[in-house]
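# Chain and residue survey
Residues per chain are reported as follows:
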Amino acid sequence: MKDVRNKSHIDVVEKKTGKRKKFPINSKLKELIDLFIDGKPNDEPLFKTKRNGRLDRFQAYKIINSACKKAGLDCKIGTHSLRKTFGYHHYQQFKDVVLLQKIFNHSSPSTTLRYIGIEQEEIDQSYNNFIL
């Protein structure tokens, strides 16, 4: 709870790169977090599991994958899928590949576009909409 209680940002260290990342807590999320953590001790994990206490990435993957199967989706969807989906929709809304590149810590805008699957989609759209 201490990672989010009375905080304006969530600080994370990325496992893959070791880089620090700060995510702002917007007013709506702040309201939901405050309701969720009300009355809970500061040293308690934000998301607990029955087995080992803290929810880790693998357990989150299993939960997401199980929910997809229950919803009738026959594909593997996990935490990385959520990251890519966020990127795709962020790009569709803001069309700012450089900002998204910084969010993902990618080395170039082309890497970011390829990562979120935009490159081929934009090429196809360009061909389909080209009229002389």
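Now for a look at the structure at hand. (Residues numbered from 1 in each chain as written. Predicted model: local features only at pLDDT ≥ 70, side-chain atom pairs only at ≥ 80, totals over all residues. Heavy atoms only, no water.)

### What about a nonpolar patch on the surface?
A surface patch of nonpolar side chains, amounting to about 380 Å² of accessible area, comprises F36, F47, L55 and I63. Considering the arrangement of structural elements, one finds F47 in the loop between α1 (27-37) and β3 (48-49). (Patch = residues over 30% accessible without salt bridge, like charges linked within 9 Å, V, L, I, M, F, W, Y side chains within 5 Å. Areas by Shrake-Rupley, 256 points an atom, 1.4 Å probe, with all protein chains shown as cover. Salt bridge = Lys/Arg side-chain N within 4 Å of Asp/Glu carboxyl O. Helix = DSSP H or I, 4+ residues; strand = E, 2+ residues; numbered from the N terminus.)

### Describing the nonpolar core
Core analysis: the largest hydrophobic core is formed by eight residues, namely Y91, V97, L100, F104, L113, Y115, I116 and I118. For this core, the secondary-structure elements that each account for two or more residues are α4 (97-104) and α5 (109-115). If we skip the residues at most four places from it in the chain, L100 touches F86, G87, H90, Y91, T112 and I116. V4, I25, I33 and I37 belong to the second largest nonpolar core, which has five residues in total. (Core = buried A, V, L, I, M, F, W, Y, C linked by side-chain atoms within 4.5 Å. Buried < 20%, exposed > 50% of the residue type's maximum accessible area, 1.4 Å probe, protein only. Contact = heavy atoms within 4.5 Å.)

### Regarding the environment of D124
Its location among the elements puts D124 in helix α6 (residues 118-129). Using a relative accessible area of 36% as the deciding quantity, one classes D124 as partly exposed. Along the backbone, D124 and L99 are 25 residues apart, and their C-alpha atoms lie at a distance of 24 Å.

### Brief notes about helix α2 (residues 57-70)
When the terminal C-alpha atoms of α2 are compared, their 20 Å separation across 14 residues agrees well with the 20 Å that a helix rising 1.5 Å per residue should span. Within α2 the residues assigned to the buried category are Q59, A60, I64, N65 and C68. Residues of α2 that are buried in the fold lie against β3, β4 (53-54) and α3 (79-94). Capping the start of α2 is the job of one residue whose side-chain oxygen sits 3.2 Å from the backbone nitrogen of F58: D56. Of the residues trailing α2, G72 is marked for its positive phi of about 85°. (Expected span 1.5 Å × (residues − 1). Polar contact = N/O pair within 3.5 Å; in protein donor to acceptor, adjacent residues only side chain to side chain.)

### Concerning the packing of α3 against α4
Between α3 and α4, the shortest axis-to-axis distance is 10 Å and the interhelical angle comes to 160°. In terms of orientation, α3 lies roughly antiparallel with respect to α4. For the crossing formed where α3 meets α4, the hand is right-handed. Between α3, through R83, F86, G87, H90 and Y91, and α4, the contact on the second element is made entirely by V97, L99, L100, I103 and F104. Among the residues forming the contact of α3 with α4, the class breakdown is seven nonpolar, two polar and one charged. (Axes fitted to C-alpha atoms, helices over the stretch in contact; angles between N-to-C directions. Parallel < 35°, antiparallel > 145°, perpendicular 65-115°, else oblique. Left-handed = near helix turned anticlockwise from the far one by under 90°. Nonpolar A, V, L, I, M, F, W, Y, C, P; charged D, E, K, R; others polar.)

### Some details on the side chain of E14
You can see E14 is positioned in the loop between β1 (9-13) and β2 (20-24). The side chain of E14 is buried and forms no salt bridge, while K21, the nearest opposite charge, is found at 4.2 Å. A polar atom in the side chain of E14 sits 2.9 Å from the side chain of T17. Only 3.5 Å separates the side chain of E14 from the side chain of N105, close enough to count as a polar contact. (Lys, Arg positive; Asp, Glu negative; His and termini not counted.)

### Some details on the pairing of β2
Bridge count between β1 and β2: five bridges; the pairing is antiparallel. Along β2, the bridge assignment pairs H9 with P24. (Pairing = 2+ DSSP bridges.)

### Examining the packing of aromatic side chains
The final tally for this structure, using the stated rule, is three aromatic pairs. Measuring from centroid to centroid gives 6.0 Å for F36 and F47, while their planes differ by 40°, and the two rings are tilted. Separated by eleven residues along the polypeptide, F36 in helix α1 and F47 in the loop between α1 and β3 bring together distant segments of the chain. We classify F47 as partly exposed; its relative accessible area is 49%. Consider the rings of F86 and F104, whose centres lie 6.3 Å apart with planes at 85°: the pair is edge-to-face. Note that F86 is positioned in helix α3 and F104 in helix α4, a separation of 18 residues in sequence. On the basis of relative accessibility, which here comes to 5%, the residue F104 falls in the buried class. In textbook terms, an aromatic cluster arises when at least three aromatic residues are bridged by ring pairs, as seen for F86, F104 and Y115. (Phe/Tyr/Trp six-rings, centres within 6.5 Å; stacked < 30°, edge-to-face > 60°.)

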